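Below, each chain spelled out in residue letters.
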Amino acid sequence: MANKLKWGIIGCGGIADRRTLPGMMLTNNCEPYAVMDTNPALAEAVKEKYGAKYAFTKEEDVLALDEIDAVYIASPVFCHKAQALAAAKAGKHILLEKPLGLTVADSQEIIEACKSAGVKLGVGFMMRYHAYHQAMKDVIASGKIGDIVSMRAQFTCWYPDIEGAWRQNKALSGGGALIDLGVHCIDLLMYISGLNAVECMGYAETQTFNYNVDDSASVIMKMDNGALAYVDVNFNMPDSSAKCPLEFYGTKGSMIATGTLSQEEGGSVEILACPEDTGYDAQQSRSLVEPVSLDVEFGNMYTKELEAFANAIINDTEPPVNGENTLLVQKVIESIYTSRGGKL
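The shown structure was predicted, so the numbers you read here are calculated from the model rather than taken from an experiment. (Residues numbered from 1 in each chain as written. Predicted model: local features only at pLDDT ≥ 70, side-chain atom pairs only at ≥ 80, totals over all residues. Heavy atoms only, no water.)

Assigned secondary structure in the chain consists of 10 helices and 15 strands. Against the compact-globule benchmark of 20 Å for 344 residues, the chain has a radius of gyration of 21 Å, which places it among compact chains. C-alpha extents for the chain along the principal axes are approximately 70 × 45 × 40 Å. Of the accessible surface of the chain, which amounts to about 15400 Å², a share of 48% is contributed by carbon and sulfur atoms. Distance between charge centroids for the chain: 2 Å, based on 28 positive and 44 negative side chains. (Helix = DSSP H or I, 4+ residues; strand = E, 2+ residues; numbered from the N terminus. Rg over C-alpha atoms; globule rule 2.2 N^0.38 Å. Areas by Shrake-Rupley, 256 points an atom, 1.4 Å probe, with all protein chains shown as cover. Lys, Arg positive; Asp, Glu negative; His and termini not counted. Charge placed at Lys NZ, Arg CZ, Asp CG, Glu CD.)

This is the structure in structure tokens:
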């Protein structure tokens, strides 16, 4: 296999044009070869913008190209299953945007189809590649803040009623703030901490707007070490009014990120690591230890995501973010939507 993979892009507007294709242009092992969108003018414009060879309006035309090694599927969620199954049947490796599918059953079918076809499946949880999030994972693994006892993630944006927006139609999206924003929070809490959810409970409601998906959701997860994790996601908070913290509290200290939940690398992280054996303070004076800021070098999450998946194909290794290790996220989401929680 060539050291530079040829990609087909299925659903080349939206996030593909805004983030993923610009990220692909910075990779050393990927190139856009064919793009597809149901809007022919958009497909042609994206083809010209990124120097692809072909522009199509049907995914089967992309999949028919022998030269294509892998496809990136960035279509609305309701298209994921059919397109992923077709790509697997065509023998193309698949990087599929989150969430995997509308349901857990759809997601499992996609995973099994890729296994049966012998193609690799990656999932677009690009925030795992944020330099701060990877450094935070290392801090927790080192034991610097002790055993995790509590975690929290908040992710918000302002997403009012928009005529024809597929994310605001449950049949097309599978849900609202929880399945769109919450998946990142749930995935990051588990990825960074190294813990898995075993139970959950929560609410997903439409509080402010008129669409039929949730604009507000809160989840509590019990992790496999007994810790509790809290997720708050909203479509009804102005983007500039929330700091979107990502917090980890342990038996030896805490680590708090601000502004890292984003499509661009940025933000800040502070660690408060307490001295050993401080003992019980009956005064509860709350005199904080001196915070230490994490120092990282920022890059492009999408570039790193694509390079990692392409390297898994080239070297025939397991993709670092695959279907099976993200399926639990889908199970949490579906549990809240269908029964407001339970054992996973």
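All right, on to the sheet that holds strand 10 (residues 228–234) then. Read across the sheet, nine strands follow the order 14-13-12-11-7-10-9-8-15 without closing on themselves; strand pairing throughout is mixed. In this open sheet, the two edge strands, each paired with only one partner strand, are strand 14 (292–293) and strand 15 (341–343). Across eight bridges, the pairing between strand 8 (residues 197–205) and strand 9 (residues 216–223) is antiparallel. For Ala204, the partnering residue across the bridge sits in strand 9 and is Ala217. Those strands touched by helix 8 (residues 177–193) are strand 7 (148–156), strand 8, strand 9, strand 10 and strand 11 (246–250), and its axis lies near 150° from that of strand 10. In the packing of helix 10 (residues 327–339) onto the sheet, the strands contacted are strand 8, strand 9 and strand 15, and the crossing angle to strand 8 comes to about 50°. (Pairing = 2+ DSSP bridges. Contact = heavy atoms within 4.5 Å. Axes fitted to C-alpha atoms, helices over the stretch in contact; angles between N-to-C directions.)

Quick look at the packing of aromatic side chains now. Describing an aromatic ring pair means giving the distance of the ring centres and the angle of the ring planes. Enumeration over the complete set of coordinates arrives at eight aromatic pairs. Judged by centre distance (6.0 Å) and plane angle (55°), the ring pair of Trp7 and Phe309 falls under tilted. Within this pair, whereas Trp7 is found in strand 1 (residues 5–10), its partner Phe309 is found in helix 9 (residues 301–314), the two being separated by 302 residues in sequence. Note on Trp7: relative accessible area 0%, which makes it buried. (Phe/Tyr/Trp six-rings, centres within 6.5 Å; stacked < 30°, edge-to-face > 60°. Buried < 20%, exposed > 50% of the residue type's maximum accessible area, 1.4 Å probe, protein only.)

To continue, consider the side chain of Thr156. Note on placement: Thr156 falls in strand 7. Those residues within four positions of Thr156 in sequence are excluded, and the remaining contacts are Leu181, Asn234, Met237, Ala242 and Cys244.

Taken in spatial order, the six strands make up an open sheet running 3-2-1-4-5-6, and their pairing is parallel. Each having just a single partner strand, strand 3 (54–56) and strand 6 (121–123) make up the two edges of the open sheet. Sheet twist, expressed as the mean angle between neighbouring strand axes with direction ignored, is 25°. Examined bridge by bridge, strand 1 and strand 4 (residues 70–73) share four bridges and lie parallel to one another. Note that in strand 4 the partner of Gly8 across the bridge is Val71. With respect to the sheet, helix 2 (residues 40–50) is in contact with strand 2 (30–36) and strand 3, its orientation differing from that of strand 3 by roughly 160°.

Look at helix 5 (residues 104–117) against helix 10: their axes get within 9 Å of each other, and the N-to-C directions meet at 165°. When the interaxial angle is binned, helix 5 and helix 10 end up roughly antiparallel. In this structure, helix 5 meets helix 10 at a crossing whose hand is left-handed. Taken together, the residues of helix 10 that come into contact with helix 5 (itself represented by Val104, Ser107, Gln108 and Ile111) are Leu327, Gln330, Lys331 and Glu334. Taken together, the residues of the contact of helix 5 with helix 10 break down into three nonpolar, three polar and two charged. (Parallel < 35°, antiparallel > 145°, perpendicular 65-115°, else oblique. Left-handed = near helix turned anticlockwise from the far one by under 90°. Nonpolar A, V, L, I, M, F, W, Y, C, P; charged D, E, K, R; others polar.)

The sheet contact formed by strand 12 (residues 253–258) and strand 13 (residues 268–273) spans six bridges and is antiparallel. Pairing of Ser254 across the sheet is with Leu272, part of strand 13. Sheet topology note: the strand 13/strand 14 ladder contains two bridges and is antiparallel. Across the sheet, the residue bridging to Glu270 is Ser293, located in strand 14.

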